[in-house]
Every structure is written in structure tokens, then in C-alpha cells.
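Below, each chain spelled out in residue letters.
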2 protein chains.
Amino acid sequence: MAQRHPDHPTDPVDPTDPVDPMDSTSPTGFASPTAGAVPAEALARYLRAQATEFLRALRLHRESGGGAGNGTRESDDAAYALRRSARRISGSLHTFRPLLEETWSEELRPELAWLSGTLAREHAYQARLERLLLALHRLSPQAAGSRGTDRDNLTVGAAKAGALLDRQLSLARTRAHSTALQALGSSRFHAVADKVAVLASDVPLVPAAVTADLTPLATAAEERLKDAVAALPLVTAGSPYNAEALVHGLSPDPSPHPQDAPWHQVRLLLRLHRYAREVVHGSDVPVDVRLLAAGQALDRHRDASEAAAAAAAAARTPRIAPATAYALGVLHADQRHEVEAARFAFQQSWQKQAVGAN
Amino acid sequence: MAQRHPDHPTDPVDPTDPVDPMDSTSPTGFASPTAGAVPAEALARYLRAQATEFLRALRLHRESGGGAGNGTRESDDAAYALRRSARRISGSLHTFRPLLEETWSEELRPELAWLSGTLAREHAYQARLERLLLALHRLSPQAAGSRGTDRDNLTVGAAKAGALLDRQLSLARTRAHSTALQALGSSRFHAVADKVAVLASDVPLVPAAVTADLTPLATAAEERLKDAVAALPLVTAGSPYNAEALVHGLSPDPSPHPQDAPWHQVRLLLRLHRYAREVVHGSDVPVDVRLLAAGQALDRHRDASEAAAAAAAAARTPRIAPATAYALGVLHADQRHEVEAARFAFQQSWQKQAVGAN
């Protein structure tokens with residue numbers, strides 16, 4: 001089942017397409033199979049397995065009540081498994097698209113992205129709230145969760161900031177939950193599920209795939225990752241306390257921070273590379289701990305970046321007290337500090353990788 | 001003149017006594033001079049030289065108009081030279097106190113601390129304001145110095161925060177300037193100056209000093225430094241992005257941060273060690289670049305710590321706008337981040353020192 005790379009459990013899918021679909025420079029993979037070549041049948045097997053996983057998760061989700069309330073443990077797990085296989089199918093369709101029936105593939109991919117993005121949002125808001133409340137607790141243990149009377153202004157500010165974030169992110173989460181429920185009941189979703197059900201038994205490979213080798217396409221995915229990493233400011237990131245992440249932290253519209261985009265992009269390319277490894281190596285793929293560490297650093301980068309943006313957004317709420325705004329400012333900077341720390345962690349793990357592996 | 005260790009120009013003196021004056025465990029230095037021993041005459045020479053420097057700086061200060069306005073370049077330089085020699089005399093009286101006439105020494109030392117502390121304050125407020133405005137400029141280039149209309153809330157907040165800090169710290173600086181001027185005209189100051197004038201020709205050594213060696217007392221000062229450094233959380237400080245400096249950053253009364261005190265203490269002990277080196281090695285003392293780097297890291301630590309406290313204090317100004325408070329929160333966290341960075345820099349330079357020297 002090639003499930004030895006557990007995803008970060010709070011992993012929402014970015015619905016943007018990480019790679020230019022018009023990119024015609026990628027290898028076609030139509031070379032004759034040679035010794036060591038990986039046949040297209042490996043791709044078909046992987047897609048069938050992921051489609052089966054998808055259907056199993058969907059059944060579990062329905063049996064668990066489908067989150068009629070605000071997400072039981074079972075329905076959460078099922079939704080996570082749905083996203084997980086949807087991302088893998090979608091990613092594989094992208095990386096190996098010259099081997100798959102084009103119209104079918106081009107139709108299914110955005111639908112899977114829509115689905116995993118929709119399902120991810122509820123969890124993302126919950127995780128963001130938990131991250132911010134944990135940070136507030138670190139900054140002001142006294143304020144934790146309560147509202148506070150007769151206490152210092154700053155503590156009150158921290159408590160009020162926590163209550164404000166709780167209100168805003170809980171509301172967003174509830175809305176995301178409703179949206180996800182609606183999506184799962186929609187005809188759009190049923191069309192996706194039907195397509196995935198067909199995929200579980202019948203993978204529409206192009207005729208030329210019979211003689212194709214998967215390796216060049218998987219290598220191309222790895223090259224796209226390496227190129228994107230090479231374009232990151234890794235020298236700066238590897239120098240601790242470079243104070244880059246907070247640069248322009250008070251400029252207009254700091255959400256999203258433009259400097260974060262290339263890192264988010266690398267996160268998506270790293271994921272595509274991991275899925276391609278799963279396809280090529282099958283369930284025997286060994287866990288690459290350094291790749292895992294790099295991916296976790298980028299997850300942390302994304303989470304901290306979005307938490308910082310949420311704190312900044314909360315600070316724009318009209319009529320909040322100055323002490324609340326102050327606490328949100330400290331919290332914003334704290335999370336941008338986390339963004340910088342995550343970049344440093346990525347640089348460290350990537351460097352190890354460059355030296356150790358390959 | 002042993003002036004090859006220029007102090008950090010923004011160096012205010014902490015008037016607290018860094019070492020327990022009742023500490024009776026320090027070596028007495030009364031051993032007979034042996035080969036390689038440094039005679040007490042070296043101390044007398046150093047004190048005479050520093051006293052002469054003090055008097056020269058005082059004359060320059062008076063000739064420059066003594067800062068009738070808000071500090072000319074000449075009067076600033078002269079005030080700095082005054083503080084510089086006052087600190088060196090005071091520090092040497094402390095480190096080598098068993099060799100000096102006790103009543104005289106115990107009377108002069110607190111007076112010198114009062115003087116250098118009073119003179120340092122004006123410069124410290126100015127430097128703090130510059131540090132904070134520079135940080136604001138990094139966080140929001142658009143806000144720099146102006147007040148801004150028709151712009152984003154955050155930019156306006158940054159500009160207003162800058163204006164508020166400018167107002168508060170300029171006022172504090174002006175008051176410190178007046179206090180320094182009053183101090184320099186006071187009978188208390190004239191009594192200090194008279195004593196230093198005597199010191200320039202006549203150092204009151206105790207009779208036993210004739211046969212004493214300065215080395216054990218200088219070594220004791222170094223040991224006190226090493227012990228204090230050993231008690232610092234250097235393992236944490238050496239791990240980048242440990243997020244320690246902002247812990248409890250929203251707790252009541254974050255100014256001064258209790259966690260900063262041991263670092264401030266090490267800063268003072270490092271200074272005493274440097275002065276003792278100057279006494280023992282005379283003007284031939286080579287610049288120890290690693291000691292210099294460690295000292296600069298601790299200066300930066302102190303400056304960032306006080307700037308962070310100033311931002312927090314400004315945020316408690318009644319009736320400020322939420323956007324202003326938010327900007328001050330970001331600024332506070334940014335400076336606490338600097339505190340953490342300075343600890344990391346200290347750890348790095350100290351580690352090099354432990355490996356390289358001695």
C-alpha cells in the first residue's frame with residue numbers, strides 16, 4: 001500500500017497547481033523498457049491501490065456518521081484518509097501524465113484537488129487555533145484560556161487575544177465543516193467518487209505506456225524539486241537569527257507573506273517527489289528520514305506562516321482593546337520567528353541530505 | 001594608557017555592585033612576589049593613568065561647553081571618556097581591593113558608579129530610540145518616520161508607534177541630560193573629582209602591597225566570570241531558535257525580564273575581567289578578539305533587552321490606538337528575538353574561546 005510515509009496529520013492541500021501544466025520540457029518516459037526500468041504497471045498498481053483506499057475511507061466516513069456533529073474521531077480519521085489518497089492519486093496523475101489518458105486525467109485532477117482542499121480546511125483551522133493558543137500559553141501561562149479580572153493589562157490582553165482567536169477560528173472551522181459536509185453530499189463529489197471507483201479496477205493508460213519506463217518521469221519530479229530548492233535563499237536560512245522572516249512584518253497586507261511562497265512551492269514539490277518514489281519503489285520504499293525531516297520542516301513553515309497571518313488578521317478586528325492588539329502583535333512576531341526557525345531546520349536537513357544520500 | 005579595548009560606545013554603567021562586597025573567599029594577593037609576579041606598582045600606575053584620563057576628559061567637557069544644549073559631539077566624546085575612566089577606576093578598586101586603603105576605596109567606588117551611571121543614561125536613551133526606530137524601519141519601510149494618511153492600518157500603526165517611542169525616549173533623554181548637567185555641577189561631583197585628582201599622583205596602597213602579586217586577584221576576577229558563565233543556560237542558548245527569550249513575554253511586568261539578569265551579570269564580570277587584564281598586562285595587553293566578541297554580544301543582549309522593555313512600556317500608554325499597540329507588540333517580540341540571537345552569539349564566541357585560548 002506504500003503507506004510508510006505518514007503525512008503530517010494537519011496537512012491541508014494547497015489547491016493551487018504546483019507545476020506549470022504547460023511545461024513541455026519534461027521527459028516523456030516513452031523509452032523502451034531496459035534493465036532496471038520500472039514498467040507502467042507499477043503506476044497502474046499504485047493508482048488502483050490508492051483508489052481502493054479512497055473508497056474504503058469513503059465507506060468508513062459514511063459509517064461514522066460522516067461528521068453530522070463537529071467531527072468524531074472516526075469521521076476525522078476517515079476524512080484524513082480520503083484526503084491522503086486523493087492527494088496521491090492527483091499527484092501521480094500529474095507526475096506521470098504522459099502515460100495516462102489525457103482527457104480523463106485532466107478532468108479528474110482538479111476535482112481531486114477541490115475535494116482534498118475542501119476536506120482539509122476544517123482540520124487546518126482547528127490546528128491553527130491550537131498552535132496559536134499553545135503559543136499564547138507559552139507567552140503568558142496565567143492568561144491560558146481564562147478572561148481574567150483584576151490582573152495585569154498584558155495578561156488580560158493575552159487572554160482576550162486568545163478568546164478572539166478562538167471565536168474567529170472556531171467560526172471558520174464550523175463553516176469549513178458545513179462546506180465539507182455539503183461537498184460530500186454534492187453531485188460533484190459523487191462524480192469524483194464514481195471516477196475513482198472505476199480507477200480502482202481500470203487505470204486508463206495510453207497505448208504507448210506498455211513499453212514505457214517510469215523512472216525518467218519520477219526523476220523529472222525530483223529535478224523540479226531540486227531546482228526549486230536551489231532557488232531558495234538557503235545561505236540566509238542557514239545562518240541562525242537572520243531576522244528575515246519578520247522583515248516587512250508591519251507592511252500593508254502581510255498575509256500572505258510573499259517571501260513564503262517559494263517555500264510553500266517546495267513543500268508541494270517535495271510531496272510530489274515522495275509520491276513518485278512510492279509509485280516507483282512500491283510498498284518496499286524505505287522511509288527516507290531526511291526527506292521526512294525536510295517535509296516536516298516545511299509543514300511547520302506553512303503552519304507558522306498561516307498562524308502568523310491569522311494573528312495579524314485578528315488584530316484588524318474593529319474596536320479591540322490596545323492590550324489585545326499588543327498581544328496579537330507579539331503572537332504574530334512569535335509565529336514569524338517560527339517561520340524562520342522552520343527554514344533553518346529545512347536548510348539543516350536538506351544539507352545533510354545533499355551530503356549523505358544520492 | 002591601556003586603552004586598546006574600546007568600550008561599546010553606548011555602554012551605560014549598571015550601578016548595582018556585580019560582586020558581593022562581603023565576599024571573603026577571594027585570594028588576598030599577599031604572597032611574596034615571585035618570578036612572573038606582577039607587583040602592586042602596576043596597579044598604582046594603571047590607577048594614576050586612568051585618573052589622569054578622567055581629569056583630561058573633565059577639562060575637555062568643560063571646554064566643550066559641557067553640553068549646555070543637547071550634547072555637542074565634543075561634549076558627548078568627553079562624557080564618554082569620563083565614564084570610561086570612571087568605570088576602570090571603580091572596577092580596579094573592586095578587583096584589587098585588598099591592596100588599597102579600605103575606607104578611601106569604599107567611599108570612592110559608589111561615587112564613581114553614581115557618576116558613570118548618571119552620565120551614561122542620556123546616551124543610552126538615544127541609542128535605545130535609534131535601535132527601535134531602525135527595527136521599525138526594517139519591519140515597515142513605508143512607515144519610516146512619517147505619520148501617514150490614507151494608508152494601511154498596520155503602516156499607520158508602525159508610524160504611530162515610532163512617533164510614540166520618539167516622544168517618550170526623547171523626553172527621557174532630555175531629562176537624563178539635565179540630570180547629568182546638574183550632577184556635573186554638584187558638590188557631590190566636585191568631591192569625586194577632588195579625590196580622583198589626588199589619585200592621579202598618589203595611590204593609597206596598603207603597606208602589605210609592597211610585597212603583593214596582582215596575579216591571584218586578577219585570576220579571581222576571571223574565575224568569578226567563568227563561574228557565572230558556567231551557570232548560564234548555554235546549551236539552550238547554543239541551540240538556534242530555542243524561543244526561550246520570549247517565554248512569558250506577555251506575563252505581567254515583563255520589564256525587566258528576570259531571565260536576562262544572569263546575562264547582565266556576566267556582562268559586568270566580563271568587563272571587570274577585561275580591566276584586570278589591562279592592569280596586569282599594562283598597555284602591552286593584546287586585544288583578545290574573542291573576549292571582545294563575547295562582550296559585544298552581551299552589550300547587544302543588554303541593548304535589545306532594554307529596547308524590548310521600552311516597547312512594552314510604550315504599549316501601556318493610555319488611549320493608544322490598537323494598531324499602535326499591535327506594532328509595539330511586534331517590535332517587542334522582535335527585540336526579544338534579538339536578545340535570543342545575542343545569547344546565541346555569546347555562546348558561539350565563548351565556545352571558541354574555551355577551545356582556542358587558555
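What counts, and where the lines are drawn
Residues numbered from 1 in each chain as written. Chains lettered and ligands numbered in written order. Predicted model: local features only at pLDDT ≥ 70, side-chain atom pairs only at ≥ 80, totals over all residues. Heavy atoms only, no water. Contact = heavy atoms within 4.5 Å. Buried area = accessible area lost by both parts, 1.4 Å probe. Salt bridge = Lys/Arg side-chain N within 4 Å of Asp/Glu carboxyl O. Helix = DSSP H or I, 4+ residues; strand = E, 2+ residues; numbered from the N terminus. Expected span 1.5 Å × (residues − 1). Buried < 20%, exposed > 50% of the residue type's maximum accessible area, 1.4 Å probe, protein only. Least-squares fit on C-alpha atoms with pLDDT ≥ 70 in both. Phe/Tyr/Trp six-rings, centres within 6.5 Å; stacked < 30°, edge-to-face > 60°.

**Q** How should the interface of chain A and chain B be read in this particular structure?
**A** Interfaces are often sized by the amount of accessible area the parts lose when they come together. In this complex, chain A contributes 43 residues to the contact, which on the side of chain B involves 43 residues. Roughly 3,600 Å² of surface becomes buried between chain A and chain B when both sides are summed, with 69% attributable to carbon and sulfur atoms. At the boundary of chain A with chain B, the tally comes to zero salt bridges. Those elements giving two or more residues to the side of chain A that touches chain B turn out to be helix 3 (102–139), helix 4 (153–185), helix 9 (289–315) and helix 10 (322–356) of chain A. If you tally residues by element for the side of chain A that touches chain B, the top one is helix 10 of chain A, at 14 residues.

**Q** Sorry, what's going on with helix 8 (residues 261–281) of chain A here?
**A** Side chains that are three or four residues apart share a direction in an α-helix, a result of its 3.6 residues per turn. Residue and element names in this part refer to chain A. The terminal C-alpha atoms of helix 8 lie 30 Å apart, and with 21 residues this matches the ideal 30 Å at 1.5 Å per residue to within 8%. Among the 21 residues that make up helix 8, 17 are buried, leaving the element largely enclosed by the rest of the structure. Following helix 8 by one or two positions, Gly282 has its phi on the positive side, about 65°.

**Q** Please explain the relation of the copies chain A and chain B as it appears in this structure.
**A** Both copies of the chain are related by a screw-like operation: a rotation about an axis and a shift along it. Each copy superposes on the other: chain A lies on chain B with an RMSD of 0.0 Å after a rotation of 180° and an axial shift of 0.0 Å. Here the symmetry operator amounts to a two-fold rotation axis. Taken as a fraction of all interface residues of chain A, those also at the interface in chain B reach 100%, which identifies the copy contact as same-surface.

**Q** How should I be thinking about the packing of aromatic side chains in this particular structure?
**A** In this description, an aromatic ring pair is defined by two values, namely the gap between the centres and the angle between the planes. Applying the stated criterion to the full structure yields seven aromatic pairs over all chains. Ring geometry for Tyr241 of chain A against Phe344 of chain B: centres 5.6 Å apart, planes inclined by 55°, an arrangement best described as tilted. Taken as a pair, Tyr241 of chain A in the loop between helix 7 (234–237) and helix 8 and Phe344 of chain B in helix 10 (residues 322–356) lie in two separate chains rather than in one. Its relative accessible area of 12% is what places Phe344 of chain B among the buried residues. Relative to Trp350 of chain A, the ring of Phe346 of chain A lies with its centre 5.6 Å away and its plane at 20°, an arrangement referred to as stacked. Placement of the pair is Phe346 of chain A and Trp350 of chain A together in helix 10, with a separation of four residues, close to one helical turn. Phe346 of chain A gets classed as buried once you look at its relative accessible area, which sits at 1%. Trp350 of chain A sits in the buried class, given a relative accessible area of 14%.

By themselves, these are just geometric observations and shouldn't be taken as functional.
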